[in-house]
Amino acid sequence: AIVLEKPKGERFVSVVSLSSLKNRHSSTNRKESTGYTKPSNVTVDEKFAVKVQGGGPMTPLMLYDKSREFSIDVAPGSPGFQELLKAVKAEPTWQGRKTFVSASFDADGNCIVYPGLTCIHKW
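Residues numbered from 1 in each chain as written. Predicted model: local features only at pLDDT ≥ 70, side-chain atom pairs only at ≥ 80, totals over all residues. Heavy atoms only, no water.

**Quick word on the nonpolar core**
Part 1: Counting residues in each nonpolar core, the largest one holds 21 residues, and the members touching the most others are Leu-4, Leu-63 and Phe-70.
Part 2: Elements with a minimum of two residues in this core: β1 (2-4), β4 (48-53), β5 (61-64), β6 (71-74), α1 (81-90), β7 (98-105) and β8 (111-119).
Part 3: The leading source of residues in this core is α1, at 4 residues.
Part 4: Among residues more than four places away in sequence, those in contact with Leu-63 are Leu-4, Val-50, Lys-51, Val-52, Phe-70, Ser-71, Ile-72, Val-74, Leu-84 and Val-113. (Core = buried A, V, L, I, M, F, W, Y, C linked by side-chain atoms within 4.5 Å. Buried < 20%, exposed > 50% of the residue type's maximum accessible area, 1.4 Å probe, protein only. Helix = DSSP H or I, 4+ residues; strand = E, 2+ residues; numbered from the N terminus. Contact = heavy atoms within 4.5 Å.)

Dropping the structure here:
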């Protein structure tokens, strides 16, 4: 198990919606720590599924739950990056570009991920 660091600073978020004929695009800066949040439907110490996406040793991994209440990036060099990247690369279902792992939040608000507990989900 790995305790993920709470992100610091801000990150640039860009969203593209293809839900209508006119593409909508919005960009915003948001505090990185806003996504380091226990999903409201999860209790303390309860394991929940997290999608991990990425693929390269030099690019951050995106981690998020189905509701997207929990949504962070784990940068190269951060605790857990190598273990999570290894789990992503080992998943043949998505050609080594994403996987699902279990995670939980403890009573102090720390997010713990379990790269050894991978599973397949369909969201």
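There is more to say, and it comes next.
**A closer look at the pairing of β8**
Part 1: One ladder, built from 3 bridges, connects β1 with β8; its direction is antiparallel. Opposite Leu-4, over in β8, you have Cys-111 as the bridge partner.
Part 2: Relative to β8, β7 runs antiparallel, the two sharing 6 bridges. Paired with Ala-103 across the bridge in β8 is Val-113.
Part 3: Linking two consecutive strands that pair antiparallel, namely β7 and β8, is a turn of 5 residues; a positive phi of about 85° is found at Gly-109 within it. (Pairing = 2+ DSSP bridges.)

**What about the packing of aromatic side chains?**
Part 1: Scanning all chains against the criterion turns up 5 aromatic pairs.
Part 2: Taken together, a centroid distance of 6.1 Å and an interplanar angle of 80° make the contact between Phe-48 and Phe-70 edge-to-face. One end of the pair, Phe-48, is in strand β4; the other, Phe-70, is in the loop between β5 and β6, with 22 residues separating them in the sequence. With respect to class, Phe-48 is no different from Phe-70; both count as buried.
Part 3: Of note, Lys-47 hangs over the ring of Tyr-114, and the distance from its end group to the ring centre comes to 4.6 Å. (Phe/Tyr/Trp six-rings, centres within 6.5 Å; stacked < 30°, edge-to-face > 60°. Lys NZ or Arg CZ within 6 Å of the ring centre and 35° of its normal.)

**Topic: α1**
Part 1: Those residues of α1 not exposed but buried are Phe-81, Leu-84, Leu-85, Ala-87 and Val-88. With its buried residues spanning 160° around the axis, α1 presents them on a single face. Exposed residues on α1 whose side chains face more than 90 degrees from its buried face are Gln-82, Lys-86 and Ala-90.
Part 2: On its buried face, α1 is in contact with β1, β4, β5, β6, β7 and β8. (Arc of directions from axis to C-beta.)

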